Amino acid sequence: RIDILGFDHEKVAEALFSLGILFDRIKEFDAAMESFTDCLEIRQNVFGKNSLECADTLSGLGQCLGNQGDFGTAIQIWKEVISIYEKHGYDSTHPKIVGIEKQTKLAAQLLKKSESKWGILAFVPHSKRT
């Protein structure tokens, strides 16, 4: 599609978005990140940074980051996504916001759990070698 339509075409962005979802599902996270990032660049140029298309792309990017265990960054991205959705009139009962808030809550729990795990490990004394 890029050869026919050019890189900055919305149909190319749609294809990249679909590839991002596919790669994320099969745990090809580097490819998913690249697809979502390229998609986001196109959608920002075509629709603007605060468009619903960019919000959807950021949501997918956050999902991919969360699936890789980068919960802190995923939460930051999802907060931005909710902000964009709210600018477009979505309220807290909209299915997209409800879903992202569920993901954010789970990611926050996992982040807290991983931080406490590492905090505990940091204080375990090393045994002496004889």
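You'll find the structure just up there.
Residues numbered from 1 in each chain as written. Predicted model: local features only at pLDDT ≥ 70, side-chain atom pairs only at ≥ 80, totals over all residues. Heavy atoms only, no water.

**Observations concerning the pattern of salt bridges**
- On inspection of all chains with the given rule, the structure shows 2 salt bridges.
- A salt bridge links Glu-14 to Lys-11, with the nearest nitrogen and oxygen atoms 4.0 Å apart. Of this pair, Glu-14 and Lys-11 both sit in helix α2 (residues 10-25), 3 residues apart, which is roughly one turn of the helix.
- By relative accessible area, which is 36% here, Lys-11 ends up partly exposed.
- Note that Asp-56 is salt-bridged to Lys-96, the shortest N-O span being 2.9 Å. Taken as a pair, Asp-56 in helix α4 (residues 52-67) and Lys-96 in helix α6 (residues 95-122) lie far apart in primary sequence, 40 residues in all.
- A residue is classified by how much of its surface remains accessible, and Lys-96, at 34% relative accessible area, is partly exposed. (Salt bridge = Lys/Arg side-chain N within 4 Å of Asp/Glu carboxyl O. Helix = DSSP H or I, 4+ residues; strand = E, 2+ residues; numbered from the N terminus. Buried < 20%, exposed > 50% of the residue type's maximum accessible area, 1.4 Å probe, protein only.)

**A few points about the nonpolar core**
- Judged by nonpolar contacts, the single largest core of 29 residues is most densely connected at Phe-36, Leu-58, Leu-61, Ile-77, Val-81, Tyr-85 and Ile-100.
- Of all elements in the fold, only α2, α3 (29-47), α4, α5 (71-87) and α6 reach the threshold of two or more residues within this core.
- With 9 residues, the top contributor of residues to this core is α5. (Core = buried A, V, L, I, M, F, W, Y, C linked by side-chain atoms within 4.5 Å.)

**Here's the deal with the packing of aromatic side chains**
- With the rule as written, the count across this model stands at 2 aromatic pairs.
- Between the aromatic rings of Phe-17 and Phe-36, the centroid separation amounts to 5.8 Å while the plane-to-plane angle is 70°, which identifies the pairing as edge-to-face. Highlighted residues: Phe-17 in helix α2 and Phe-36 in helix α3, separated in sequence by 19 residues. Residue Phe-17 shares its accessibility class with Phe-36, and that shared class is buried. (Phe/Tyr/Trp six-rings, centres within 6.5 Å; stacked < 30°, edge-to-face > 60°.)

**Overview of α5**
- With 17 residues, α5 extends 24 Å between its outermost C-alpha atoms, agreeing within 8% with the 24 Å of an ideal straight helix rising 1.5 Å per residue.
- Residues of α5 that are buried include every one of Phe-71, Ala-74, Ile-75, Ile-77, Trp-78, Val-81, Ile-82, Ile-84 and Tyr-85, and no others.
- Two residues or fewer past α5, Gly-89 is found with a positive phi of approximately 90°. (Expected span 1.5 Å × (residues − 1).)

**Here we look at α2**
- The first and last C-alpha atoms of α2 sit 23 Å apart over 16 residues, in line with the 22 Å expected at 1.5 Å per residue.
- All buried positions along α2 are accounted for by Val-12, Ala-13, Leu-16, Phe-17, Gly-20 and Asp-24. Taken around the axis of α2, the buried residues stretch over an arc of 140°, which confines them to a single face.
- One or two positions beyond α2, positive phi appears at Lys-27, with a value near 65°. (Arc of directions from axis to C-beta.)

**Details of the environment of Leu-106**
- Tracing the sequence through the fold places Leu-106 in helix α6.
- Residues Leu-106 and Phe-71, 35 residues apart in the sequence, show an inter-C-alpha distance of 9.1 Å.

**Quick word on the side chain of Thr-104**
- In this structure, Thr-104 sits in helix α6.
- Judged by its relative accessible area of 16%, Thr-104 falls in the buried class.
- Contact partners of Thr-104, with chain neighbours within four places excluded, come to Ile-75 and Trp-78. (Contact = heavy atoms within 4.5 Å.)

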